[in-house]
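Overview (structure and organization)
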Amino acid sequence: RKKFKKNSLIGKILKYLDRRTLFLAEEIICDTKEHGKYFVTEFGAPFERMHTLYLEADTTIYYPRERKKAGDFFEVLYFGSILPLQGVDIVLKSAQILQKNTAIHFTLIGPIKEGDGKVESDTITYIPWLSQEQLAEAIAQADLCLAGHFNKDINKAKRTIPGKAYIYRAMEKPMILGDNSATRELYSEDMDGIYFVEMGNPQALAKKILKIKEEYFIKTSNITNDKSKD
(Lines give C-alpha, C1' and ligand atoms only; values in the text may rest on other atoms or scores of the structure.)
Protein backbone atom coordinates (compact mmCIF):
# COMPACT_ATOMS: atom_id res chain seq x y z
CA ARG A 1 0.00 0.00 0.00
CA LYS A 2 3.10 2.22 0.11
CA LYS A 3 2.14 3.87 3.39
CA PHE A 4 5.70 3.73 4.79
CA LYS A 5 9.15 3.52 3.26
CA LYS A 6 10.81 0.11 3.42
CA ASN A 7 13.82 1.24 5.48
CA SER A 8 11.98 3.71 7.73
CA LEU A 9 11.71 3.03 11.47
CA ILE A 10 8.00 2.22 11.19
CA GLY A 11 8.68 0.01 8.18
CA LYS A 12 11.28 -1.99 10.12
CA ILE A 13 8.98 -2.33 13.15
CA LEU A 14 6.12 -3.60 10.97
CA LYS A 15 8.39 -6.10 9.26
CA TYR A 16 9.53 -7.39 12.66
CA LEU A 17 5.91 -7.78 13.77
CA ASP A 18 5.07 -9.68 10.56
CA ARG A 19 8.07 -11.96 10.99
CA ARG A 20 7.23 -12.59 14.67
CA THR A 21 3.55 -13.29 13.89
CA LEU A 22 4.41 -15.81 11.18
CA PHE A 23 6.94 -17.51 13.46
CA LEU A 24 4.38 -17.96 16.24
CA ALA A 25 1.57 -19.20 13.98
CA GLU A 26 0.90 -22.95 14.10
CA GLU A 27 -0.53 -22.92 10.58
CA ILE A 28 -0.32 -20.24 7.87
CA ILE A 29 -2.85 -19.76 5.07
CA CYS A 30 -1.85 -17.84 1.95
CA ASP A 31 -3.90 -16.92 -1.12
CA THR A 32 -1.40 -18.12 -3.76
CA LYS A 33 1.64 -20.36 -3.89
CA GLU A 34 3.71 -17.36 -4.98
CA HIS A 35 2.64 -15.47 -1.86
CA GLY A 36 3.57 -18.47 0.27
CA LYS A 37 7.07 -18.51 -1.24
CA TYR A 38 7.41 -14.82 -0.40
CA PHE A 39 6.51 -15.39 3.27
CA VAL A 40 9.11 -18.15 3.45
CA THR A 41 11.96 -16.25 1.76
CA GLU A 42 11.27 -12.74 3.10
CA PHE A 43 10.06 -13.49 6.63
CA GLY A 44 11.48 -16.93 7.33
CA ALA A 45 8.03 -18.52 7.72
CA PRO A 46 8.23 -22.30 8.16
CA PHE A 47 7.44 -23.86 4.78
CA GLU A 48 5.78 -26.92 6.34
CA ARG A 49 3.15 -24.71 8.00
CA MET A 50 2.21 -22.96 4.76
CA HIS A 51 -1.10 -23.83 3.05
CA THR A 52 -2.56 -22.28 -0.10
CA LEU A 53 -6.27 -21.53 -0.04
CA TYR A 54 -7.56 -19.71 -3.11
CA LEU A 55 -10.31 -17.13 -2.77
CA GLU A 56 -13.82 -17.64 -4.14
CA ALA A 57 -16.56 -15.28 -5.26
CA ASP A 58 -19.83 -15.05 -3.36
CA THR A 59 -22.01 -16.94 -5.85
CA THR A 60 -25.21 -15.82 -4.16
CA ILE A 61 -24.43 -12.41 -5.70
CA TYR A 62 -22.02 -13.10 -8.54
CA TYR A 63 -23.46 -15.59 -11.00
CA PRO A 64 -24.22 -15.58 -14.75
CA ARG A 65 -27.02 -13.10 -15.50
CA GLU A 66 -29.09 -12.07 -18.49
CA ARG A 67 -27.34 -9.44 -20.55
CA LYS A 68 -29.35 -6.44 -21.73
CA LYS A 69 -27.07 -4.64 -24.14
CA ALA A 70 -27.99 -1.01 -24.76
CA GLY A 71 -25.84 -0.22 -27.81
CA ASP A 72 -23.66 -1.49 -30.62
CA PHE A 73 -20.38 -0.67 -28.88
CA PHE A 74 -18.04 -3.15 -27.21
CA GLU A 75 -18.33 -2.70 -23.44
CA VAL A 76 -15.15 -2.99 -21.35
CA LEU A 77 -15.51 -2.94 -17.55
CA TYR A 78 -13.04 -2.40 -14.73
CA PHE A 79 -13.72 -2.01 -11.02
CA GLY A 80 -11.48 -1.71 -7.99
CA SER A 81 -10.64 0.10 -4.78
CA ILE A 82 -7.83 1.81 -6.74
CA LEU A 83 -4.91 0.53 -4.67
CA PRO A 84 -1.51 1.23 -6.29
CA LEU A 85 -0.80 -2.44 -7.10
CA GLN A 86 -4.03 -2.68 -9.15
CA GLY A 87 -2.53 -0.43 -11.80
CA VAL A 88 -5.55 1.72 -12.62
CA ASP A 89 -3.18 4.16 -14.33
CA ILE A 90 -2.46 1.46 -16.92
CA VAL A 91 -6.20 0.96 -17.48
CA LEU A 92 -6.72 4.73 -17.87
CA LYS A 93 -3.85 5.05 -20.35
CA SER A 94 -5.21 2.18 -22.43
CA ALA A 95 -8.67 3.80 -22.41
CA GLN A 96 -7.04 7.04 -23.56
CA ILE A 97 -5.26 5.23 -26.40
CA LEU A 98 -8.59 3.80 -27.56
CA GLN A 99 -10.78 6.86 -26.89
CA LYS A 100 -11.12 7.74 -30.60
CA ASN A 101 -12.53 4.28 -31.28
CA THR A 102 -16.22 4.92 -30.67
CA ALA A 103 -16.97 1.20 -31.08
CA ILE A 104 -15.37 0.63 -27.66
CA HIS A 105 -16.79 1.98 -24.39
CA PHE A 106 -15.17 1.76 -20.95
CA THR A 107 -17.05 1.67 -17.65
CA LEU A 108 -14.65 2.28 -14.76
CA ILE A 109 -16.01 1.73 -11.26
CA GLY A 110 -14.18 2.96 -8.17
CA PRO A 111 -12.88 6.11 -6.43
CA ILE A 112 -10.69 7.25 -9.33
CA LYS A 113 -9.18 10.71 -8.78
CA GLU A 114 -7.54 13.25 -11.04
CA GLY A 115 -4.14 12.23 -9.66
CA ASP A 116 -4.69 8.68 -10.94
CA GLY A 117 -4.54 9.97 -14.52
CA LYS A 118 -8.28 10.35 -15.04
CA VAL A 119 -9.20 10.88 -18.68
CA GLU A 120 -12.37 12.70 -19.74
CA SER A 121 -13.89 11.18 -22.86
CA ASP A 122 -17.29 10.33 -24.34
CA THR A 123 -16.09 6.72 -24.54
CA ILE A 124 -15.44 6.46 -20.78
CA THR A 125 -18.02 6.39 -17.98
CA TYR A 126 -16.90 6.76 -14.36
CA ILE A 127 -18.95 5.38 -11.49
CA PRO A 128 -17.53 6.16 -8.00
CA TRP A 129 -19.28 3.34 -6.13
CA LEU A 130 -21.87 0.56 -6.53
CA SER A 131 -23.41 -1.92 -4.12
CA GLN A 132 -22.47 -5.54 -4.77
CA GLU A 133 -25.83 -6.25 -6.42
CA GLN A 134 -25.46 -3.21 -8.67
CA LEU A 135 -21.88 -4.20 -9.45
CA ALA A 136 -22.98 -7.69 -10.49
CA GLU A 137 -25.56 -6.16 -12.84
CA ALA A 138 -22.92 -3.87 -14.36
CA ILE A 139 -20.53 -6.79 -14.88
CA ALA A 140 -23.31 -8.77 -16.56
CA GLN A 141 -23.62 -6.06 -19.25
CA ALA A 142 -19.90 -6.09 -20.13
CA ASP A 143 -18.39 -7.79 -23.16
CA LEU A 144 -14.94 -7.87 -21.56
CA CYS A 145 -13.70 -7.37 -17.99
CA LEU A 146 -10.27 -6.19 -16.86
CA ALA A 147 -8.89 -8.12 -13.89
CA GLY A 148 -5.18 -7.23 -13.63
CA HIS A 149 -3.13 -6.72 -11.63
CA PHE A 150 -1.49 -4.32 -14.10
CA ASN A 151 1.18 -2.58 -11.95
CA LYS A 152 4.58 -4.10 -12.72
CA ASP A 153 6.60 -2.16 -10.13
CA ILE A 154 4.92 -3.42 -6.94
CA ASN A 155 6.01 -7.02 -6.41
CA LYS A 156 2.87 -7.95 -4.49
CA ALA A 157 0.93 -7.43 -7.73
CA LYS A 158 2.90 -10.36 -9.17
CA ARG A 159 2.25 -12.63 -6.17
CA THR A 160 -1.53 -12.32 -5.88
CA ILE A 161 -4.58 -13.07 -7.98
CA PRO A 162 -6.96 -10.09 -8.01
CA GLY A 163 -10.22 -10.74 -6.18
CA LYS A 164 -12.17 -9.42 -9.17
CA ALA A 165 -10.83 -12.33 -11.26
CA TYR A 166 -12.82 -14.78 -9.12
CA ILE A 167 -15.92 -12.63 -9.54
CA TYR A 168 -15.58 -12.38 -13.33
CA ARG A 169 -15.01 -16.12 -13.60
CA ALA A 170 -18.05 -16.89 -11.43
CA MET A 171 -20.12 -14.73 -13.78
CA GLU A 172 -18.57 -16.45 -16.83
CA LYS A 173 -17.23 -13.19 -18.25
CA PRO A 174 -14.18 -12.95 -20.54
CA MET A 175 -11.31 -11.23 -18.73
CA ILE A 176 -7.77 -9.95 -19.16
CA LEU A 177 -5.26 -10.87 -16.46
CA GLY A 178 -1.81 -9.50 -15.76
CA ASP A 179 0.69 -12.11 -16.91
CA ASN A 180 2.52 -13.46 -13.85
CA SER A 181 3.16 -16.71 -11.99
CA ALA A 182 0.32 -16.16 -9.51
CA THR A 183 -2.47 -15.73 -12.07
CA ARG A 184 -1.16 -18.73 -14.00
CA GLU A 185 -1.61 -20.93 -10.93
CA LEU A 186 -5.34 -21.06 -11.73
CA TYR A 187 -5.76 -19.71 -15.26
CA SER A 188 -4.38 -20.38 -18.73
CA GLU A 189 -5.02 -19.32 -22.34
CA ASP A 190 -6.51 -22.78 -22.94
CA MET A 191 -9.54 -21.71 -20.87
CA ASP A 192 -12.38 -20.03 -22.72
CA GLY A 193 -12.46 -16.28 -22.13
CA ILE A 194 -9.05 -16.05 -20.45
CA TYR A 195 -6.49 -13.59 -21.82
CA PHE A 196 -3.11 -12.43 -20.50
CA VAL A 197 -1.27 -9.17 -21.06
CA GLU A 198 2.15 -7.85 -20.07
CA MET A 199 1.94 -5.95 -16.79
CA GLY A 200 2.69 -2.22 -16.83
CA ASN A 201 2.15 -1.87 -20.59
CA PRO A 202 -0.93 0.23 -21.54
CA GLN A 203 -0.16 -0.12 -25.26
CA ALA A 204 -0.24 -3.92 -24.95
CA LEU A 205 -3.49 -3.75 -22.97
CA ALA A 206 -5.12 -1.49 -25.57
CA LYS A 207 -3.95 -3.79 -28.37
CA LYS A 208 -5.32 -6.85 -26.54
CA ILE A 209 -8.70 -5.16 -25.97
CA LEU A 210 -8.90 -4.21 -29.65
CA LYS A 211 -8.04 -7.74 -30.77
CA ILE A 212 -10.68 -9.30 -28.47
CA LYS A 213 -13.25 -6.78 -29.71
CA GLU A 214 -12.57 -7.70 -33.33
CA GLU A 215 -12.83 -11.41 -32.54
CA TYR A 216 -16.09 -10.75 -30.68
CA PHE A 217 -17.74 -8.96 -33.61
CA ILE A 218 -16.61 -11.65 -36.04
CA LYS A 219 -18.09 -14.31 -33.78
CA THR A 220 -21.41 -12.49 -33.25
CA SER A 221 -21.65 -11.76 -36.97
CA ASN A 222 -21.24 -15.45 -37.78
CA ILE A 223 -23.91 -16.39 -35.22
CA THR A 224 -26.33 -13.86 -36.73
CA ASN A 225 -25.66 -15.16 -40.25
CA ASP A 226 -26.23 -18.76 -39.14
CA LYS A 227 -29.56 -17.81 -37.56
CA SER A 228 -30.69 -15.98 -40.71
CA LYS A 229 -29.98 -19.11 -42.77
CA ASP A 230 -32.18 -21.15 -40.43
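So, here's what we can say about the structure.

Cut-offs applied
Residues numbered from 1 in each chain as written. Predicted model: local features only at pLDDT ≥ 70, side-chain atom pairs only at ≥ 80, totals over all residues. Heavy atoms only, no water. Helix = DSSP H or I, 4+ residues; strand = E, 2+ residues; numbered from the N terminus. Contact = heavy atoms within 4.5 Å. Areas by Shrake-Rupley, 256 points an atom, 1.4 Å probe, with all protein chains shown as cover. Lys, Arg positive; Asp, Glu negative; His and termini not counted. Charge placed at Lys NZ, Arg CZ, Asp CG, Glu CD. Phe/Tyr/Trp six-rings, centres within 6.5 Å; stacked < 30°, edge-to-face > 60°. Buried < 20%, exposed > 50% of the residue type's maximum accessible area, 1.4 Å probe, protein only. Lys NZ or Arg CZ within 6 Å of the ring centre and 35° of its normal. Pairing = 2+ DSSP bridges. Axes fitted to C-alpha atoms, helices over the stretch in contact; angles between N-to-C directions.

1. Examining the overall build of the protein
In terms of helices and strands, the protein carries seven helices and eight strands. On the principal axes, the C-alpha backbone points of the protein span a range of 65 × 40 × 30 Å. Long-range contacts, defined here as pairs at least 24 residues apart, represent 61% of the contacts in the protein between residues at least 6 apart. Carbon and sulfur atoms form 53% of the exposed surface of the protein, whose accessible area is close to 13,400 Å². In the protein, 35 positive and 32 negative side-chain charges are present, and the distance between their average locations comes to 6 Å.

2. So, the packing of aromatic side chains
For the structure shown, the criterion picks out five aromatic pairs. Residues Tyr38 and Phe39 carry aromatic rings whose centres are separated by 6.0 Å and whose planes lie at 50 degrees to one another, so their mutual orientation is tilted. Take Phe39: its relative accessible area is 19%, and that puts it in the buried class. Aromatic pair Phe79 and Tyr168: ring centres 5.8 Å apart, planes at 90 degrees, arrangement edge-to-face. With Phe79 in strand β3 (residues 74–79) and Tyr168 in helix α6 (residues 163–170), this pair connects stretches of sequence that are 89 residues apart. The same class applies to Phe79 as to Tyr168, namely buried. Lying over the aromatic face of Tyr63, Arg65 brings its terminal NZ or CZ to 4.5 Å of the ring centre.

3. Some details on the sheet that holds strand β6 (residues 144–148)
Read across the sheet, six strands follow the order β5-β4-β3-β6-β7-β8 without closing on themselves; strand pairing throughout is parallel. The strands lining the two open edges of the sheet, one partner per strand, are β5 (124–127) and β8 (194–197). In this sheet, neighbouring strand axes are inclined to one another by 25 degrees on average, regardless of whether the strands run parallel or antiparallel. Where strand β4 (residues 104–109) lies against β5, four bridges are found, and the strand directions are parallel. By the bridge assignment for β5, Ile109 is matched with Ile127. The strands that helix α3 (residues 88–97) touches are β3, β4, β5 and β6; relative to β4, the one it contacts most, it runs at about 155 degrees.

4. Regarding unusual backbone geometry
His149 follows Gly148 through a cis peptide bond whose omega is -10 degrees. By secondary structure assignment, the location of His149 is in the loop between β6 and α5 (156–159). Look at Ile82: it is not a glycine, yet its phi comes out positive at around 65 degrees. Note on Ile82: relative accessible area 14%, which makes it buried.

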